[in-house]
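Architecture at a glance
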Amino acid sequence: MMRIIIIGAGVIGTAIARELSRYEIDIVLLEKTADVANGTSKANSGIIHAGYNADFDTLKGKLNVKSNPVFDKLCADLKVPFKRIGSYVVGFNEQDLKELKKKKENGEKNGLDDLEIIGQKQLISQEPNINKKAKYALYAPGAAIISPYELTIAYANNAVINGVQLLLNTEVNDLISDDGQIKGVKTNQGEIKGDFVINAAGLYSDKIARMAEDNFKIKPRKGEYHLFDKEYGDLVNHILFPMPTKKSKGILVLPTVHGNILIGPNANTIDDKDDLSTTSKGLNKVLNGAKRLIPEIPEKGVITSFSGLRAALSSEDFHIDFSENLVGLINIIGIQSPGLSSAPAISDMVVEMFKNYSLRENYELQLKKDFKEKNSKLPHYYEYEDKGKLDDWQKIVEKHEDYGEIICRCEHVSRGEIIDAINAPVPAQTIDAIKRRTRASSGRCQAGFCGPRLLQILADQLNIDPLEVSKKGSGSQILRARSKQLILEKIKEDKRAGDQ
Amino acid sequence: MEEHDIICTGCPKGCQVTIKTEGDKITDIYGYECPTGKEYAINEFKNPTRILPTTVKVEGGEFPLVPVKTAAPIPKSDLIKAMNFIAEKTVKAPIEIGDILIENILNTGVDVVATRNIKKESEV
Amino acid sequence: MTKHKMVVVGAGPAGLAAALEASKNGIDDIIILERDKYLGGILPQCIHNGFGLEYFGEELTGPEYADRFMRDIDQAGIEVLTETMVLNINQDKLITALNKTKGVLKIKAETIILAMGCRERTREKIQIPGDRPAGILSAGTAQRYTNIEGFIPGKEVMILGSGDIGLIMARRMKLEGADVKAVLEIMPFSSGLVRNKVQCLDDFDIPLKLQHTITRIEGKKRLKRVEISKVDKDFNPIKGTQKWINCDTLLLSVGLIPENELSKAMNLKLHPATGGVYVNENRETELKGVYACGNVLHVHDLVDWVSEEAEIAGRSAAEYLNKNQEKRDLPIKITPNKNLTYTVPQKIEYKFKDKKFIKIYLRVEKPMENVKIVFSHNEKSMLSYDKKIVMPGEMVTVNLPVALIKNNMEEIKLSIVEKVGEKNGRT
């Protein structure tokens, strides 16, 4: 059986893994960090764009438009929270109106038929907190919000259920080739043989490509965000965009699928691909940008801030193509916005590319008979609470009492849900991994209450020393020593020094 | 002639009291604003003592530690030594508040007593 | 669904004292709902001395103080449900809670005592920019690890905030073998007790840097270092004063926030200065039969006063149940005037019966010496108390004799003023 190696378990890599797992083929998904969705996929705006923004003759435009309609079924199958709430691009004057009309035209060229330009009165009635100086808006009912890391995790879980082998903490150091044909990869965990390699390494996809002497350069562009308490959840009802610039869609104000408000991102090109730090300047810019749309943004409502890096290519379009130099390698580079929105179509495109390749190699690609289209639905207390179905939760507790113990007070997450996350096909093995799957520690107290409890549960479930439990993988352990250990170590040291 | 500055902790004012000494004798004392301050400063200078609150490791208990305190203040200079001594001890559950877990620590005449009830793990 | 005459949310010092007082006043159907495995709230991890001097006339540690009430609760036979998280309360006093063995609990209460305490302000809330590594935690969570769970969260520690929790943890970490590099305080004064400054910092040569804050955090996986800056009188970092300090742990002691999500669920408004609900002298909220006391109402410095305040709530709830209350014709508004941040209660609503005085709890805006605390009505002074020194970090209580409160009064103002003609400063 042919083996495909996919490098990078972000939303693109996991989507491709899942789609390829429909076929009888051996797939290995490699991820260098301790969890899937650890790169750009966990730190972005979480928007499924309607598809009016990018030009139709770009991959961005084509693939965004193709993907948008499939999300309802995809999210229903994979059990991912998804809300099609629509978006407004907000204009303040006649020049803006001209631009909005151009965008609408572009969108219509892309095949959208439900775009509308609305005026001030309608805008204010739909968004009562909007800047009263706003005059026009381009309304796109097809825009939606999603949790990007939950989507990635769901794709990964489904891929694993369908036979994909996921190797975390596995970093590709080099490609192995023979006579211009890919043969596998060299990793920090050893060599892995493979017949086909898909480079979906996000920020580092240029580094992987250069291993095949395909020359690309990604310049990370940082975007910072503020997340607001759910208390302010009804500040806006739709995704609000300012007028876009060439470089970015601007600083947005939008609700999240879980009822928070998110503002950001700014755009700042940096050098260090691992620099996820937030900056005073950046966060201030984000706040001021958001105020332009919603003047009453309550700064005191911020519960956390974070930053993400866009994998920006100078061409500013997606690059999805076979390697120029190695046979059996596809490079996927420069997947910034609308990358998340385009994931389904990108994965379809890559599957087609692989199909064509395998035909040429006389390899018959057969569909699996027992492909599991759907993920199983795991119970979450907050969903039952929101729907007023607590009697049904009672039945769940009666089956297993772990669902009766609330661990995260702010987000109402039970012990049972946390254990489910640790035991999932793609297991949560760190505090941050649990946060992304269950929302525990993402609330207003930011793990002040649940931190020690999560640590204990991880230690118990993974059967490891509590000292080994980490925030986000090796090197980020939470605890430094056992009680009295530092004192005893010092006594030993002093004794040794005294004896000398 | 030496000068020693001591902050009085008798009330929120935190007056800085200065004690002047020649050899072992106190030659002058000023800066206090009430008699408590004077007395506190002299005691603190001559023989500073502290109550030590800490924890002791527990074996077989519902919790891995029992909070303890010295039943009376001990010399400030003994605090680290006391912590070292306590670090090597483990006590068995069950423990009751007031139980003397370490008698006459470092020959100070002061016991270390438990400040929390710790049940046996098996009885929870 | 079960019914109870009184439901107490939280078995910390406030909840325990309120329940006990209600029980002493004849209420026999009380249930306390507690989310943790054990009773006492935050007290079991506060292993240091300083509790009970006022209430018991003895100096106790936190766990000892809690134990006094726990014993009484046991003796009084008051029902306590641990590992039970209250998740919602509505305006009909219907409580939804989750318990490990019993599952979803729906409890209809005739009276509710809100005693949920508070949570700690986070790094994210004060927006310190930089990386998000392991090694950043609130002082209270570090205290839990160190005193309850049996672990040391850090080896090289920086502490932001010189309130008592920050000072106490400085000593605690030092005693357990960590290297505590400094305690930073953004204000020009420490809000902790002088005793704590001396016994937690001076005793161990831990520097206190006033008018300093942390302006950047660095460390991709584990904290590596923090950038500290001096600040000006408007709390803005002063250019050129930036310094990097290596550390693997940052403890934050930057304020407590009353945990009022359940109060908000009942549509109760929160007071902007206290962060808690509005109450009258009975600690009754705007929803009749619902009371609040302890840190959830306003953050206290002395647990002794938490217990006293909780007793007011418990007693009043009992009076409510025994239908032993009469409202005044007009409520009296209590207004904090000069130099005061807030008062609790914010109004007086009931007839006094055999009460001799109303105790007012208040906080001052800034440290002041040789002051008068003045009660006034219609610009005329009713009564004044002298105080040698007042500070924002120490709650003040003053008694207002009911004899001075006339029937037609609608507003009483409280002020703190410096005494005229007295020399300030030290001798």
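Residues numbered from 1 in each chain as written. Chains lettered and ligands numbered in written order. Predicted model: local features only at pLDDT ≥ 70, side-chain atom pairs only at ≥ 80, totals over all residues. Heavy atoms only, no water.

Overview of the overall build of chain C
Scanning chain C for helices and strands turns up seven helices and 28 strands. The globule rule puts the C-alpha radius of gyration for 427 residues at 22 Å, and the 23 Å found for chain C is close to it. Principal axes of the C-alpha set define a box for chain C whose edges measure 65 × 65 × 40 Å. In chain C, which comprises 427 residues, the proportion classed as buried is 60%. By sequence separation, contacts in chain C at least 24 residues apart represent 63% of the contacts at least 6 residues apart. For chain C, the accessible surface area stands at approximately 16800 Å², while carbon and sulfur atoms represent 47% of it. On chain C, the mean spot of the 63 positive side-chain charges and the mean spot of the 57 negative ones are 4 Å from each other. (Helix = DSSP H or I, 4+ residues; strand = E, 2+ residues; numbered from the N terminus. Rg over C-alpha atoms; globule rule 2.2 N^0.38 Å. Buried < 20%, exposed > 50% of the residue type's maximum accessible area, 1.4 Å probe, protein only. Contact = heavy atoms within 4.5 Å. Areas by Shrake-Rupley, 256 points an atom, 1.4 Å probe, with all protein chains shown as cover. Lys, Arg positive; Asp, Glu negative; His and termini not counted. Charge placed at Lys NZ, Arg CZ, Asp CG, Glu CD.)

A few points about the interface of chain A and chain B
Across the boundary between the two partners, chain A contributes five residues, which contact eight residues of chain B. The junction of chain A with chain B conceals about 590 Å² of combined surface from both sides, 68% of it contributed by carbon and sulfur atoms. Counting across the chain A and chain B interface gives two residue pairs in polar contact (both at pLDDT 80 or more). (Buried area = accessible area lost by both parts, 1.4 Å probe. Polar contact = N/O pair within 3.5 Å; in protein donor to acceptor, adjacent residues only side chain to side chain.)

Comments concerning the packing of helix H3 (residues 139-149) of chain C against helix H4 (residues 164-175) of chain C
All names here are of chain C. Relative orientation of the contacting elements H3 and H4 amounts to 35°, with a least axis distance of 10 Å. Our pair here, H3 against H4, has a crossing hand that is left-handed. Seen from H3, the contacting residues are Ala139, Gly140, Ala142, Gln143, Thr146 and Asn147; seen from H4, they are Ile165, Ile168, Met169, Arg172 and Met173. The residue makeup of the contact of H3 with H4, split by class, is six nonpolar, four polar and one charged. (Axes fitted to C-alpha atoms, helices over the stretch in contact; angles between N-to-C directions. Left-handed = near helix turned anticlockwise from the far one by under 90°. Nonpolar A, V, L, I, M, F, W, Y, C, P; charged D, E, K, R; others polar.)

Concerning the side chain of Asp36(C)
Here Asp36(C) is to be found in the loop between strand S2 (30-33) and strand S3 (49-51). According to the relative accessible area criterion, Asp36(C) is buried, its value standing at 10%. Not counting residues up to four positions away in its chain, the partners in contact with Asp36(C) are Arg453(A), Thr82(C), Glu83(C) and Arg144(C).

Structural notes on the sheet that holds strand S2 (residues 16-22) of chain B
Paired through their backbone hydrogen bonds, the strands of a sheet run either parallel or antiparallel. All names here are of chain B. In spatial order, the strands read S1-S2-S3; together these three strands make up an open sheet with antiparallel pairing. Whereas interior strands pair on both sides, the edge strands pair on one side only; in this sheet they are strand S1 (2-7) and strand S3 (25-30). The average angle at which neighbouring strand axes cross in this sheet is 25°, direction not considered. Bridge count between S1 and S2: six bridges; the pairing is antiparallel. When the bridges of S2 are listed, isoleucine 6 appears paired with valine 17. (Pairing = 2+ DSSP bridges.)

A look at the sheet that holds strand S1 (residues 3-7) of chain A
All names here are of chain A. Taken in spatial order, the six strands line up as S9-S2-S1-S13-S21-S20 in an open sheet, and their pairing is mixed. Pairing within the sheet leaves two strands with one partner each, and these edge strands are strand S9 (165-167) and strand S20 (319-322). Across the sheet, the mean angle separating the axes of adjacent strands is 15° when strand polarity is ignored. With three bridges joining them, strand S2 (residues 26-30) and S9 adopt parallel strand pairing. From the neighbouring strand, leucine 29 faces S9, where its bridge partner is leucine 166. Packed on one face of the sheet, helix H9 (residues 339-360) meets S1, strand S13 (196-199), S20 and strand S21 (329-333) and runs near 5° to S20.

Some thoughts on the interface of chain C and chain A
Taken together, the contact pairs 49 residues of chain C with 58 residues of chain A. Buried area between chain C and chain A, both sides added, is near 4700 Å², and the carbon and sulfur share of it is 54%. Contact with chain A buries surface across chain C, with Lys100(C), Arg132(C) and Phe151(C) losing the most and accounting together for 14% of the total. Viewed at the interface, chain A and chain C are joined by nine salt bridges. Across the pair Arg409(A) and Glu259(C) runs a salt bridge whose closest N-O atoms are separated by 3.8 Å. Mapped onto the side of chain C that touches chain A, the elements with two or more residues apiece are strand S6 (84-89), strand S7 (94-99), strand S8 (103-114), H3, strand S11 (151-152) and helix H6 (261-265) of chain C. Top contributing element to the side of chain C that touches chain A by residue count: H3(C), with five residues. When the residues that make up the side of chain C that touches chain A are grouped by side-chain class, the tally is 14 nonpolar, twelve polar and 23 charged. Where strand S24 (residues 481-482) of chain A and S11(C) come together, two bridges link them in antiparallel fashion. Its bridge partner lying in S11(C), Arg482(A) is registered against Phe151(C). (Salt bridge = Lys/Arg side-chain N within 4 Å of Asp/Glu carboxyl O.)

Digging into helix H7 (residues 303-321) of chain C
Given 3.6 residues per helical turn, the α-helix brings residues three or four places apart onto the same face. All names here are of chain C. For H7, spanning 19 residues, the distance from its first C-alpha to its last is 27 Å, which sits close to the expected 27 Å at 1.5 Å a residue. The element H7 is extensively covered by neighbouring structure, given that 15 of its 19 residues are classed as buried. Directly beyond the C-terminal end of H7, a positive phi value near 55° is found at lysine 323. (Expected span 1.5 Å × (residues − 1).)

Some thoughts on the pairing of S13(A)
All names here are of chain A. Side-chain alternation along S13 places Phe196 and Ile198 on one buried face and Val197 and Asn199 on a second face that is also buried. When S1 meets S13, the two strands line up parallel, connected through four bridges. Across the sheet, the residue bridging to isoleucine 7 is asparagine 199, located in S13. With three bridges connecting them, S13 and S21 associate as parallel partners. Residue pairing across strands places isoleucine 198 opposite isoleucine 330, the latter belonging to S21.

Thoughts on the pattern of salt bridges
For the structure shown, the criterion picks out 67 salt bridges over all chains. Close ionic contact of Lys104(A) with Glu108(A) constitutes a salt bridge, the shortest N to O distance being 3.0 Å. A residue pair is termed a helical-turn pair when its members lie 3 or 4 positions apart in one helix, as Lys104(A) and Glu108(A) do in helix H4 (residues 94-109) at four residues. According to the relative accessible area criterion, Glu108(A) is partly exposed, its value standing at 37%. Between Glu156(C) and Lys181(C) there is a salt bridge; the shortest N-O distance is 3.3 Å. Taken together, the residues span a long stretch of sequence, with Glu156(C) in strand S12 (residues 156-160) and Lys181(C) in strand S13 (residues 179-185) at a distance of 25 residues. Note on Glu156(C): relative accessible area 34%, which makes it partly exposed.

With respect to the packing of aromatic side chains
Inspection of the entire model under this criterion finds 17 aromatic pairs over all chains. Considering the side-chain rings of Phe63(B) and Tyr38(C), the 5.5 Å spacing of their centres and the 80° angle between planes classify their relative orientation as edge-to-face. Of this pair, Phe63(B) sits in the loop between strand S5 (53-59) and strand S6 (65-70) while Tyr38(C) is found in the loop between S2 and S3, placing the two residues in two different chains. A residue is classified by how much of its surface remains accessible, and Phe63(B), at 12% relative accessible area, is buried. Among the residues examined, Tyr38(C) registers a relative accessible area of 7% and is labelled buried. An aromatic cluster is present here, built from Tyr381(A), Tyr384(A), Trp393(A) and Tyr403(A) joined pairwise through their rings. The ring centre of Phe63(B) lies 4.4 Å from the NZ or CZ of Arg116(B), which sits over that ring. (Phe/Tyr/Trp six-rings, centres within 6.5 Å; stacked < 30°, edge-to-face > 60°. Lys NZ or Arg CZ within 6 Å of the ring centre and 35° of its normal.)

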